[in-house]
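Residue strings, one per chain:
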Amino acid sequence: MNERHLTFSGPAARLQYILLMGLFRLAVTRGLYGRFARGLGRVFGAERAVFLHEGRAPPYRIALNDGYWTRFALYRAPYEPEVARVLTAASGATPLFCDLGANKGYWTTRAAPLFEQVIAVEASAATFADLSGNARDVPNVTLHRAAIHARSGEEMRFVNTHLSHASARLEADLPAGGQDRVETVGTRAVDDLVPEGVAALIKLDVEGAEIAAIEGAARALKDGAVLIYEDHGNDPACTVSAHLLSDPDMRLYSIGTGLIPMPDVATIRACKTDAYKGYNFLAARADSELMGRIMQGFANWARSG
């Protein structure tokens, strides 16, 4: 995943990218990043895009008016390298990767060359359209427009925040604001996506619905699934991690600087030093063979590094 280069939708997109990267160097807050990207987007047009090519993964389209992806995948690349290490370590140890809360499909497309099957789920209609565009030519990817929750077949109201697609969420978790768009979406439980007996690698990014999603993954976790989940820096209670730790059979690990056991909430809280950042952790049952294979892969990576 380390070899990367960019292509552009046209000469204007290349110029827009150069200007955007220059302006980003002057920005001192996250809000300014977004304003620069949206402002240039109004000047150049919303259709301008850059395509990110990494290794054997299919190209990932990033609209140049997108303040999230232009900032994290282009300006501050590489994007979440710790997650990339987990995917590499799990490749060959499981046939299935699930990208739940897939957004526009960055990890869906990065995972496609590494696993026999990739399942990607996204709730927002507009974001799902972008996900479909990025993954449409990838034969081993299955897409679902749904919200991950405790049970399948329910309908919930989903909020698209007006400034950040990455912060979209279920309305039950936080009411919509005045400029937000609300739509209805059906729910899917993890256990209805992962076949019985398959120890899947599951990336969960569902903006506040994590505990409900974990409840809907009880059988998958018993089958040995490994969960990549986010514990946000603005949550001192470490709510998701605390829920996982309430099960004595679960084991949690930090993956930021290697694979480090997280035995309690206090240890997890100490890892989270930035209130504006989401921190990725791993969770699995103590008897998960897949977790053992990932640990072995991390050990090999540490020795080679």
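So, here is what we can say about the structure in this document.

In this section: the overall build of the protein chain. In terms of regular secondary structure, the protein chain is built from 11 helices and 15 strands. Relative to its length of 305 residues, the protein chain is compact, with a C-alpha radius of gyration of 19 Å against a globular reference of 19 Å. C-alpha atoms of the protein chain, sized along the principal axes, occupy 55 × 45 × 40 Å. Computing the positive centroid from 32 side-chain charges and the negative centroid from 34, the protein chain places the two 8 Å apart.

This next bit is on helix α1 (residues 11–24). Compared with the 20 Å implied by 1.5 Å per residue over 14 residues, the 20 Å span of α1 between its first and last C-alpha is a close match. Of the residues making up α1, those classed as buried are Ala13, Gln16, Tyr17, Leu20, Met21 and Phe24. Viewed end-on, α1 has its buried residues packed into an arc of 130 degrees, placing them on one side of the element. Every exposed residue of α1 that faces more than 90 degrees away from the buried side is listed here: Pro11 and Ile18. In this structure, the buried side of α1 is in contact with β1 (4–8), α2 (30–44), β2 (49–54) and α3 (67–75).

This part takes up the nonpolar core. The nonpolar side chains of soluble globular proteins are, as a tendency, buried together. Ranked by size, the top nonpolar core spans 48 residues in total, and within it Leu87, Phe115, Leu201, Leu282 and Ile294 carry the most contacts. If you tally residues by element for this core, the top one is helix α4 (residues 81–90), at 6 residues. Sequence-distant contacts of Leu282, defined by excluding residues within four places in its chain, comprise Val86, Val226, Leu227, Ile228, Tyr229, Arg251, Leu252, Tyr253, Ile255, Leu259, Met291 and Ile294. Grouped together as the second largest cluster of nonpolar side chains are 35 residues, Val198, Ile202, Leu227 and Cys238 included.

Now for the sheet that holds strand β12 (residues 226–232). Across the sheet, which stays open at both edges, the 8 strands sit in the order β6-β5-β4-β11-β12-β15-β13-β14 with mixed pairing between neighbours. Strands with a single pairing partner mark the edges of an open sheet, and in this sheet they are β6 (141–145) and β14 (260–261). Across 2 bridges, strand β13 (residues 250–254) lies against β14 in antiparallel orientation. Bridge pairing links Tyr253 to Pro261 in β14. Strand contacts of α4: β4 (96–100), β11 (201–204), β12 and β15 (278–285), with the helix running at about 160 degrees to β11, the strand carrying the most contacts. Running at roughly 170 degrees to β6, helix α6 (residues 125–135) makes contact with β5 (117–122) and β6 of the sheet.

Parameters and conventions
- Residues numbered from 1 in each chain as written.
- Predicted model: local features only at pLDDT ≥ 70, side-chain atom pairs only at ≥ 80, totals over all residues.
- Heavy atoms only, no water.
- Helix = DSSP H or I, 4+ residues; strand = E, 2+ residues; numbered from the N terminus.
- Rg over C-alpha atoms; globule rule 2.2 N^0.38 Å.
- Lys, Arg positive; Asp, Glu negative; His and termini not counted.
- Charge placed at Lys NZ, Arg CZ, Asp CG, Glu CD.
- Expected span 1.5 Å × (residues − 1).
- Buried < 20%, exposed > 50% of the residue type's maximum accessible area, 1.4 Å probe, protein only.
- Arc of directions from axis to C-beta.
- Contact = heavy atoms within 4.5 Å.
- Core = buried A, V, L, I, M, F, W, Y, C linked by side-chain atoms within 4.5 Å.
- Pairing = 2+ DSSP bridges.
- Axes fitted to C-alpha atoms, helices over the stretch in contact; angles between N-to-C directions.

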